[in-house]
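Listed below are the residues making up each chain.
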Amino acid sequence: MTINLRNEAVSKRLGGAALEMLPAAIEHPSYDRKAVSPGIVHIGLGAFCRAHAMVYTDDVLQNGATDWGVVGVDLMSPAIRDALKPQDGLYTLLSRDNDKDNLRVIGSILDIMVTADQKSEIFELLCKPQIRIVTLTVTEKGYCQDAATGNLDEKHPAIIADLANPTDPRSVPGFLTEALRLRREAGQAPFTVLVCDNLAQNGIKVRNIVTRFATLRDAELGRFIGENVAFPCTMVDRITPATQDADRQKVADSLGVMDAWPVVTEPFRQWVVEDHFPLGRPDWEKAGAIMAKDVLPYELMKLRCLNGSHSTLAYLSVIAGIETIADAMVDEDLPKVIRRLWDEDLIGTLPPVPGTDVVAYTHDLETRFRNTGVRHLTLQISWDGSQKLPPRLLEAAAELYSSGRNPKVIPLTIAAWMKFLSGRNELGQDYTVTDPHAARLTEIARDAGNDAAKLATALFGIREIFGDVLPANAHFRVAVIEHLSSLMSHGVRKTLKAFLGE
Ligand code: CS2
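Residues numbered from 1 in each chain as written. Predicted model: local features only at pLDDT ≥ 70, side-chain atom pairs only at ≥ 80, totals over all residues.

- Under an unreviewed UniProt entry, the chain has the name Mannitol dehydrogenase family protein and belongs to Aliirhizobium smilacinae.

**Section: the domain arrangement of the chain**
- The domain boundaries assigned to the chain delineate domain 1 (16-293) and domain 2 (296-500).
- If you average the C-alpha positions of domain 1 and of domain 2, the two centres end up 29 Å apart.
- At the interface, 25 residues of domain 1 touch 30 residues of domain 2.
- Those elements giving two or more residues to the side of domain 1 that touches domain 2 turn out to be strand 3 (91-97) and strand 8 (234-237).
- When its residues are assigned to classes, the side of domain 1 that touches domain 2 shows 12 nonpolar, 5 polar and 8 charged. (Domains from an automatic or database assignment. Contact = placed C-beta atoms within 7 Å. Helix = DSSP H or I, 4+ residues; strand = E, 2+ residues; numbered from the N terminus. Nonpolar A, V, L, I, M, F, W, Y, C, P; charged D, E, K, R; others polar.)

**Re helix 12 (residues 334-346)**
- Of all the positions in helix 12, only Leu334, Val337, Ile338, Leu341, Trp342, Asp345 and Leu346 are classed as buried.
- Tucked inside the fold, the buried residues of helix 12 contact helix 10 (296-320), helix 11 (325-328), helix 13 (358-369), helix 15 (385-402), helix 16 (410-420) and helix 20 (474-501). (Buried ≥ 20, exposed ≤ 12 C-beta atoms within 10 Å, placed from the backbone.)

**Considering the environment of Lys408**
- Of note, Lys408 is situated in the loop between helix 15 and helix 16.
- You can call Lys408 partly exposed: it has 17 C-beta atoms within 10 Å.
- In the structure, Lys408 is positioned 11 residues away from Ala397 in sequence and 9.3 Å away in space, judged by C-alpha atoms.
- Among residues more than four places away in sequence, those in contact with Lys408 are Arg340, Glu344 and Asp345.

**A few points about the nonpolar core**
- Of all hydrophobic cores here, the largest spans 144 residues; its most connected members are Val193, Ala397, Ala416, Met418, Ala456 and Leu484.
- Top contributing element to this core by residue count: helix 10, with 13 residues.
- Both of domain 1 (16-293) and domain 2 (296-500) provide at least three residues apiece to this core.
- Look past the residues within four positions of Leu484 in its chain and what remains in contact with it is Ala415, Met418, Lys419, Ala452, Leu455 and Ala456. (Core = buried A, V, L, I, M, F, W, Y, C linked by C-beta atoms within 7 Å.)

Here it is as structure tokens:
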């Protein structure tokens, strides 16, 4: 990681010793961090969890709990450890509401470890009785799932490798299975696994994935995990783009010390958690989390309305050369497209959500998307479409068709994603298609060129994305191909004008 700061005067680093020197306006832990012991291991320390679960837990520690600190684990790279360890795990959360900033230093991460060189130490920690919860934010693709069914992708290279060498895992299912096996061997009751990624019924899906992996490894271990490990479902929400150098500069200027990896986010946050924690849990409800019996209605509302409209904005914007969500929201047509997505396609598919007016929720989303303080790149949201489109929009489309209704905007989004795979926008600029299936997808796009039917037909054939039902539906196929032909021949602007004029 390179850190370029203009302000040479800021040479001191954020850390325990710097807390007392921070300007009075900067909130920071007032609890004694040295008196806090770890109760949670968190896997995947990206920006999102540091704007979300870590903040709820910081609130709990601020309220006086001392046994729910977090040890972060990264399965991929040492970058986050190398940035945060010299800061004693502290980092700054910069929450921005247009031009109003709020800065807070978060203290819930006590230590950070990396599997590449600390695997046995991490497994040892995971066998300790005081670790009662493992939380995860590893993105949709991190679970090695078949996105269309939500089942374990048994052909995934990391799964094949982990089944061949299960005591030295590199995949998330392999890692959780090995940790649970070792913990059982150590005579400890299993920790609760709390999946904080955007999958509908995330706890149920990941429970099935891990149980399946464990069964392929050893049927008895699979049975043990399936019967004894709790995987509560949860809905997570806070818009958190990747940190940019300008944000580091802003934080350094405000704090007077350097933070190698602050996180920028919006003021809004929401967390709904299924209340099933056999070994106990922090009082997250005191920090504003909703502890619920049934999380599914919240998950569907958030995944479809927020994430679904994000993907719609993202693909149309990337091909039109619009850089951020806030820019897309001042476009003359794009806000109308997502309004139609909500009103005509999505809202009708949702079960009632306790205490929530879903139409008002979509109006609040518009306000959140318009926040110019959060530079959320449309290209970032475009990542991993093969994993994101099924839970966000394709499942809703299948439900609509099966009840005799034709979705209007979802086929347009799918067409935009297909067009996006060409890797070149309408201004003639190239961008990278980031996706676990990128090689296959971009090859199909290259091969099909400007032949909409050929491109769509080849992509519909990918079962892991589209499943079997939607590609067999003539209404869906025709609608996608029509939009795709229009995007190819007339571009985004004219396609949207024609679509909105219908
Ligand atoms: C976004 C999400 O990148 C994306 O795909 O849709 O990260 C979104 O910002 C969060 O889920 C908001 O909670």
